[in-house]
Amino acid sequence: MAVQQLRRRVPGGIGAYARGLLAGLAQLAGEGEEIDISLLASRRPGVPQRLAGGGDPLEEFGRPLALSRLPGPLLTRAWDHGWARPVGFDIVHSVSLASPWSAAGGRTRSVVTVHDVAWRRYPGATTRRGKAWHEAALRRVLRSDASIVVTSRFVAADLMADGVAPERLTIVHGGSNHLVEPDHAATEALLRRLGVPGKFLLTVSTLEPRKNVERLLKAHHRLRPTPAGPWPLVIVGPAGWGPAIPSLEEQDGVFLAGAVSDAVLSGLYDRAHAFAYVPLTEGYGLPPLEAMRLGTPSVVANEVPSVHDLGESGRPPAYIVDPLDVDSIAAGLSAVLTDDEVRSDLAARGAAYSEGRTWRAAAGEHIRLWRSLV
């Protein structure tokens, strides 16, 4: 399994998918359904090859490591050009578009997970370099004979519109059971340090254009003169790319927590009065599932298929809003912050919905796909 994403400074949602999948595979192995898996990646960042002995963070997964002598950026570039091809494996599954090619004429089959095509849907919400790399990498996958895993019908529809045959696609939903136990003491310490009084509205997001934090801030500001106005907004997540959001740190009622530990993140989900997640688009979207698993009523944008996928019937387990419409976001925030009937309904349905999404189930779907290929 090619897990180069786990070498990145900010592994993000793809990194969470990789870690969750490995945890699900470990759970199935404990139940007797073992698959021989090695982890493919670059050498440890910042460590010369001659010193790259034990202590690799990837060792925590308990799988053999197949590490390149190349550092991450050079290994990704080598894969882009068809070099550094892994040999001796039945299947090479890449958890992202950073994927090695299978050796020509060899017996190795390729599987690639495509998480989204956001750079096509909103070209201005990614860098020019990032857009060019993702498009070239996707084109290589589409020209190959690789099987493709997607995390939603939403992404499957995008790829089929590009001519991908449905039989090449396997839809596997991500899980929500990767959250660790909340560290309530550390959570309260963080909130005291930030100066957050009482209950709050939470969002978890990298600060970059696609996550649409600026419109969320406008919607939150619009509520300040209303009964929903007293709820402060806590923003959790690392800085991404793009222009800084004007006066973010000075905006009344907004608190920047930055990146936090997994245990504090669980504590914030548990402690929040409501959760908001309004990106322009997502291929899946783990944060709403995480919040709902801890019973937090949520406001979610309409292109977040982890909550509201194409073809799904019934009422969504979150309050769905238009991410391009500040009034729509504000209306959703107001309802979920102040309407006790709405809050109770969403909390119950959200918890039940998220508990049905597990990494054990996702791992089982992957195993069935791999076995079908060999």
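You'll find the structure just up there.
What comes next is a walk through the structure. Keep in mind that what you see is a predicted model, and the values were worked out from it rather than measured.

Observations concerning the overall build of the chain
Link 1 in the chain: Along the chain, the regular secondary structure elements total 12 helices and 12 strands.
Link 2 in the chain: Relative to the 2.2 N^0.38 estimate, which gives 21 Å for 374 residues, the radius of gyration of the chain is 21 Å and therefore close to what a compact globule would have.
Link 3 in the chain: Dimensions of the chain, computed from the C-alpha atoms along their principal axes, are close to 65 × 45 × 45 Å.
Link 4 in the chain: The 374 residues of the chain split such that 50% are buried.
Link 5 in the chain: In the chain, of all internal contacts separated by at least 6 residues, the share reaching a separation of at least 24 is 65%.
Link 6 in the chain: Here the chain holds 41 positive side-chain charges and 39 negative ones, and the gap between their average locations is 7 Å.

Digging into the sheet that holds strand β8 (residues 233–236)
Link 1 in the chain: Reading across the sheet, the 6 strands line up as β9-β8-β7-β10-β11-β12 and stay open at both edges, with parallel pairing between neighbours. Of all the strands in the sheet, the pair left with one neighbour each is β9 (254–258) and β12 (319–321). Across the sheet, the mean angle separating the axes of adjacent strands is 25° when strand polarity is ignored.
Link 2 in the chain: Pairing analysis gives 3 bridges linking strand β11 (residues 298–301) to β12, with the strands arranged parallel. When the bridges of β12 are listed, V299 appears paired with Y319.
Link 3 in the chain: The sheet contacts of helix α7 (residues 213–222) involve β7 (201–204), β8, β9 and β10 (274–277), and relative to β8 the element is tilted by about 170°.

Looking at helix α9 (residues 286–293)
Link 1 in the chain: Counting buried positions over the 8 residues of α9 gives 7, a clear majority of the element.
Link 2 in the chain: Of all the residues in α9, the buried ones are L286, P287, P288, L289, E290, A291 and M292.
Link 3 in the chain: Directly after α9, the chain includes G295, whose backbone phi takes a positive value near 80°.

Some words on the packing of helix α1 (residues 12–30) against helix α12 (residues 359–373)
Link 1 in the chain: Look at α1 against α12: their axes get within 7 Å of each other, and the N-to-C directions meet at 80°. Relative to α12, α1 is oriented roughly perpendicular. Along the contact surface, α1 presents A16, Y17, G20, L21, G24, L25, Q27 and L28, while α12 presents W359, R360, A362, A363, G364, H366, I367 and W370.
Link 2 in the chain: Class assignment for the residues of the contact of α1 with α12 results in 10 nonpolar, 5 polar and 1 charged.

So, the packing of helix α6 (residues 184–194) against helix α8 (residues 262–271)
Link 1 in the chain: Interaxial distance between α6 and α8 falls to 8 Å at its minimum, and their mutual angle equals 75°. Between α6 and α8, the angle falls in the class roughly perpendicular. The segment α6 lies against α8, with H184, A186, T187, E188, L190 and L191 engaging A263, V264, G267, L268, D270 and R271.
Link 2 in the chain: Classifying every residue of the contact of α6 with α8 gives 6 nonpolar, 3 polar and 3 charged.

Definitions and limits used
- Residues numbered from 1 in each chain as written.
- Predicted model: local features only at pLDDT ≥ 70, side-chain atom pairs only at ≥ 80, totals over all residues.
- Heavy atoms only, no water.
- Helix = DSSP H or I, 4+ residues; strand = E, 2+ residues; numbered from the N terminus.
- Rg over C-alpha atoms; globule rule 2.2 N^0.38 Å.
- Buried < 20%, exposed > 50% of the residue type's maximum accessible area, 1.4 Å probe, protein only.
- Contact = heavy atoms within 4.5 Å.
- Lys, Arg positive; Asp, Glu negative; His and termini not counted.
- Charge placed at Lys NZ, Arg CZ, Asp CG, Glu CD.
- Pairing = 2+ DSSP bridges.
- Axes fitted to C-alpha atoms, helices over the stretch in contact; angles between N-to-C directions.
- Parallel < 35°, antiparallel > 145°, perpendicular 65-115°, else oblique.
- Nonpolar A, V, L, I, M, F, W, Y, C, P; charged D, E, K, R; others polar.

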